[in-house]
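The primary structure of each chain is shown beneath.
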Amino acid sequence: MNWDLLIEIAVVCCVLGAALLSLSAGVGLLRFRDPLARLHAATKPQIFGLLLIIAAVALEQRTLMTLFALLPVFILQSLTAPVSAHMAGRAAYRAGQIDRAGLALDELDAVIQSANREVVDPYRTELSAEESASLPRGAQPRN
């Protein structure tokens, strides 16, 4: 069998796999009811689909220079997609747009409640009795 034919078959398989992953991401975005599930459906296939497309382009071009040119694209996308999905999910959580009954473990609720209790108005000059009791001995409140 000819190596060129095998490489072409591998390229077609990579492109078809990326197309199927893209289709599954689109269906997941439309069908899932919760923003967290939608983000999961959008980001997981995106990274692997991008990897398959980069592999297809690198196999088609058959040069190391093409592979090295596409490598930063994959690295930057792999770094930014999960972070942006995390921030969008956190915003949806804080906005109350998620199905809390569907969560197996909710670790973020305690963190948000703790952060909300610690928020202090920077323009307030008087402390409550509870706040002044929590100051270390000898500490003076800010004015």
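Residues numbered from 1 in each chain as written. Predicted model: local features only at pLDDT ≥ 70, side-chain atom pairs only at ≥ 80, totals over all residues. Heavy atoms only, no water.

### What about helix 3 (residues 64–94)?
With 31 residues, helix 3 should cover 45 Å at 1.5 Å per step; its first-to-last C-alpha distance of 46 Å lies within 8% of that length. Remark: Gly96 follows helix 3 within two positions and exhibits a positive phi of approximately 80°. (Helix = DSSP H or I, 4+ residues; strand = E, 2+ residues; numbered from the N terminus. Expected span 1.5 Å × (residues − 1).)

### Some remarks on the UniProt feature "transmembrane region" (unreviewed entry) in the protein
The positions UniProt marks with the feature "transmembrane region" (unreviewed entry) are residues 6–30, 42–59 and 65–85. For residues 6–30, the helix share is 100%, the strand share is 0%, and the end-to-end C-alpha distance is 36 Å. (UniProt positions renumbered as here; feature names shortened; annotations may be inferred.)

### A word on the packing of helix 2 (residues 35–61) against helix 3
Between helix 2 and helix 3, the least distance of the axes is 10 Å, while the angle of their chain directions is 175°. On the basis of the axis angle, helix 2 is roughly antiparallel to helix 3. For the pair formed by helix 2 and helix 3, the contact residues are Pro35, Leu36, Leu39, Thr43, Gln46, Ile47, Leu50, Leu51, Ile54, Val57, Ala58 and Gln61 on the first element and Thr66, Leu67, Leu70, Val73, Phe74, Gln77, Ser78, Ala81, Ala85, Ala88, Gly89 and Ala92 on the second. (Axes fitted to C-alpha atoms, helices over the stretch in contact; angles between N-to-C directions. Parallel < 35°, antiparallel > 145°, perpendicular 65-115°, else oblique. Contact = heavy atoms within 4.5 Å.)

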